[in-house]
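Fold and contact review
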Amino acid sequence: MWRLIPIGLILLSPACSSRGPSIEPSLAPRAAEAIDPRVPIPDNVPAGALDAGLAERLGALVGTVRGGVPAFEAREAEARRLASAAGPMASESWIAAQQALSRLVEQYGVTTQAAADIDLLASGRLREQRWIEPADRLAIETAAAEVAAISQSQSATIGRITNQLER
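Residues numbered from 1 in each chain as written. Predicted model: local features only at pLDDT ≥ 70, side-chain atom pairs only at ≥ 80, totals over all residues. Heavy atoms only, no water.

Helix and strand counts for the chain come out as 4 helices and 0 strands. Secondary structure elements of the chain occur, N-terminal to C-terminal, as α-α-α-α. Across the 167 residues that make up the chain, the buried fraction comes to 25%. Relative to all contacts within the chain whose residues are 6 or more apart in sequence, the contacts with residues 24 or more apart total 79%. (Helix = DSSP H or I, 4+ residues; strand = E, 2+ residues; numbered from the N terminus. Buried < 20%, exposed > 50% of the residue type's maximum accessible area, 1.4 Å probe, protein only. Contact = heavy atoms within 4.5 Å.)

Written as structure tokens, this is what we have:
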């Protein structure tokens, strides 16, 4: 008989510990599950104010590139003229054209240096602040795009004159 009492207590213990019906988690959809993941999230980040120091530095860099365009065009005219009159490779006229092309590439360095400085400004902000304010980012992108357009044009010009001298 004493053996049956422990078995009976074990069978009755779960019934005594329960305080009403068991509440299980609901399997109904959660609010987050109702959001369609294909819907784009609106980009309404406030732009904020542009950093005055950054704007001044970007303006100076773009101004330097714009100011260098007339010098580039003057050197381009000279390089084109000499390349058109260049004789065979290693002749005096070809060497003169190569020297004019080198001066043109040197002037192109003004543009590439400004592009590198703009990239350095952006990377410096990321390194220091781990973030670029939206207004600052837009200013950097605008300056970089203008310098890149000038750079592409100048690079294409240098390429055409180089090809002309390689013939």
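Next up on the list: helix 2 (residues 52–84). An α-helical turn contains 3.6 residues, so any two residues separated by three or four positions project in the same direction. In this model helix 2 runs 47 Å from its N-terminal to its C-terminal C-alpha over 33 residues, within 8% of the 48 Å that 1.5 Å per residue would give. At valine 69, helix 2 shows its strongest bend, of approximately 30°, with the proline proline 70 following within four residues. For helix 2, the set of buried residues is Leu54, Leu58, Leu61, Val62, Val65, Gly68, Phe72, Glu76, Ala79, Leu82 and Ala83. Taken together, the buried residues of helix 2 touch helix 3 (92–129) and helix 4 (134–165). The opening residue of helix 2, the one whose side-chain oxygen lies 2.8 Å from the backbone nitrogen of glycine 53, is aspartate 51. (Expected span 1.5 Å × (residues − 1). Bend = angle between axes of the 7 residues up to and from the residue. Polar contact = N/O pair within 3.5 Å; in protein donor to acceptor, adjacent residues only side chain to side chain.)

Pairs of packed helices are described in terms of their axes, by the angle between the two and the distance that separates them. Remark: helix 2 packs on helix 4, axes separated minimally by 11 Å, with the N-to-C direction vectors making an angle of 10°. Looking at the two axes, helix 2 sits roughly parallel to helix 4. (Axes fitted to C-alpha atoms, helices over the stretch in contact; angles between N-to-C directions. Parallel < 35°, antiparallel > 145°, perpendicular 65-115°, else oblique.)

Counting residues in hydrophobic clusters, the biggest one holds 14 residues, and the most contacted among them are Leu58, Val65, Ile118, Ile140, Ala143 and Val147. Going through the elements one at a time, helix 2, helix 3 and helix 4 are the ones with two or more residues in this core. Sequence-distant contacts of valine 147, defined by excluding residues within four places in its chain, comprise Val62, Val65, Thr111, Ala115 and Ile118. Phe72, Leu82, Tyr108 and Leu165 belong to the second-largest nonpolar core, a separate cluster that totals 13 residues. (Core = buried A, V, L, I, M, F, W, Y, C linked by side-chain atoms within 4.5 Å.)

Next up on the list: the pattern of salt bridges. Here the structure, examined in full by the defined rule, presents 8 salt bridges. A salt bridge links arginine 125 to aspartate 51; the shortest N-O distance between them is 3.3 Å. With arginine 125 in helix 3 and aspartate 51 in the loop between helix 1 (4–17) and helix 2, this pair connects stretches of sequence that are 74 residues apart. Its salt-bridge partner being glutamate 78, residue arginine 103 comes within 3.0 Å of it at the nearest N-O pair. Taken together, the residues arginine 103 in helix 3 and glutamate 78 in helix 2 connect sequence positions 25 residues apart. Salt bridges linked by common partners bring Asp51, Arg125 and Asp136 together as one network. (Salt bridge = Lys/Arg side-chain N within 4 Å of Asp/Glu carboxyl O.)

Let us look at the side chain of arginine 125. In this structure arginine 125 comes out as buried when scored by relative accessible area, which is 13%. Among the polar contacts listed, one links the side chain of arginine 125 to the side chain of aspartate 136, at a separation of 3.4 Å. The residues touching arginine 125, leaving out its near neighbours within four places in the chain, are Asp51, Leu54, Arg130, Trp131, Ile132 and Asp136.

Let's shift gears to the packing of helix 2 against helix 3. Where helix 2 meets helix 3, the axes come as close as 9 Å, and the angle between the chain directions of the two elements is 165°. In this view, helix 2 runs roughly antiparallel relative to helix 3, as classed from their interaxial angle. In the crossing of helix 2 with helix 3, the sense of the turn from one axis to the other is left-handed. (Left-handed = near helix turned anticlockwise from the far one by under 90°.)

Following the sequence through the fold, leucine 126 ends up in helix 3. A relative accessible area of 45% places leucine 126 in the partly exposed class.

Scored by pLDDT, the chain comes out at a mean of 88, with 83% of its residues at no less than 70. When pLDDT is averaged over each helix and strand of the chain, the minimum, 58, is found for helix 1 and the maximum, 98, for helix 2. (pLDDT = per-residue confidence, 0-100.)

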